[in-house]
Each structure stands twice: as structure tokens, then as C-alpha cells.
Amino acid sequence: FRLANTIYTQKYYFLLRSQSHNQSKHFLKMAAEALDMALIIGRSAPINYEESCILKASMIQSQSFDNPNEINKTFNEGLTICQRALMLLPDPTPVTINGSIQQLYRYKAQQLIDQNKNSEASVLLNKAKDTLKQLIMDYSGHEMNYVEMVATLKTLTDLKINNNESPEDLYSCLLYTSD
């Protein structure tokens, strides 16, 4: 089932890059179904939880564009699965898990911003920021961390400015990205 997940996920990303978003969603769903089966059969295999955590982050990103009603379910499932992966995997935790957790927080926060629930969004964006700070300290040099950090900080800064708050405290986070 993990092999099926890998194949479906790769097909999803291929179609997504070739601007076939509607076709790609079908493969993302098939990848999720394959991983659900892998989790049922291999409950104690940490890799299944890690891959499911990564997939949930991809799903929430996809849903933010075309199915926002599913974001709550994916967010809750994703956090649960990612936390399970963190418990099962030995230290150091793979970059992909914390990166996925950050994505879950960020896309859920964006949904809350769109619903004018800025204080709730701010809490999630701060969690995303803290997750990325830890990730950058633990795994300096991993390029995706810096991109995600800047995206999270930009969203959080915009939110603070919209709320007439000072974003100055966020600028210290940029020190983590200046190496």
C-alpha cells in the first residue's frame, strides 16, 4: 500500500505541475486511501505515519483552493497523525514531519483569516512560526524551511498589520533565516 501511495502521490504532483489540478485531485484521494490501508495493516510502522502526515499537508493545501469545507477534518486528522509519527519515530525527527505540521497550521490559519477569525488564525500562525524556528535550528541548511518560514511570517505580518498591531516582534525570526 505504501508503494501505491508513492505512485499515486507522484502522479498527483506531476499532474499538478502540468496545470491539471482537477485530474490531480483524483490521485491525491487514491494516495490517501492507500495510506489508510497501510495504517490499518501496519499500525506500528512509523513510516506509514510519516507518509500520512506529509500527505495530509498536501491535502490541506489542495483543499484550500477547491474544498475549504474539508479543511477542518484534514487539519484535525493531520495533526493527530503527525503527532503519532513524532512519538513513533526516533530522534532526530525527520524534517518532513515538522514541515508538514507547519503547513497544516498555516493553511488552517489562512482559512480562519478568510473567515475573519483573526485571533484564532494568529494562534495557529504563531504555532507554525515556532515549529519552523525549531526546525531551522535543528536542520539548518534545509532550503524548504526558509521558504516556509518567510511565507508564514508574511501571513502573520499581514494579519498583525490588518489588526493595527506592530509586527516588530516577528522580525527577530528573520535572524534564523539570515545564515
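Report on the accompanying structure. All values reported here derive from a predicted model rather than from experimental measurement.

Considerations on helix α5 (residues 95-114)
Look at α5: 29 Å from first C-alpha to last across 20 residues, which is about the 28 Å you get at 1.5 Å a residue. Across the 20 residues of α5, 17 count as buried, placing the element largely inside the fold. Backbone geometry just downstream of α5 places Asn-116 in the positive-phi region, at approximately 60 degrees.

A closer look at the pattern of salt bridges
A complete count under the given rule lists three salt bridges for this structure. For the salt bridge of Glu-33 with Lys-29, the shortest nitrogen-to-oxygen distance reads 3.9 Å. You can see Glu-33 and its partner Lys-29 sitting in helix α2 (residues 21-41), four residues apart, about one turn around the helix. You can call Lys-29 exposed: its relative accessible area is 55%.

Looking at the environment of Gln-63
Relative to the elements of secondary structure, Gln-63 occurs in helix α3 (residues 46-66). In this structure, the C-alpha to C-alpha distance between Gln-63 and Lys-25, residues 38 residues apart in sequence, is 9.4 Å. Ignoring anything within four residues of it in the chain, the contact list for Gln-63 reads Pro-68, Glu-70, Ile-71 and Thr-74.

Side note on the environment of Lys-25
Structurally, Lys-25 is set in helix α2. Separated by ten residues in the primary sequence, Lys-25 and Leu-15 place their C-alpha atoms 9.0 Å from one another. Sequence-distant contacts of Lys-25, that is, excluding residues within four places in its chain, are made with Tyr-12, Ser-62 and Asp-66.

Reading the values: rules and limits
Residues numbered from 1 in each chain as written. Predicted model: local features only at pLDDT ≥ 70, side-chain atom pairs only at ≥ 80, totals over all residues. Heavy atoms only, no water. Helix = DSSP H or I, 4+ residues; strand = E, 2+ residues; numbered from the N terminus. Expected span 1.5 Å × (residues − 1). Buried < 20%, exposed > 50% of the residue type's maximum accessible area, 1.4 Å probe, protein only. Salt bridge = Lys/Arg side-chain N within 4 Å of Asp/Glu carboxyl O. Contact = heavy atoms within 4.5 Å.

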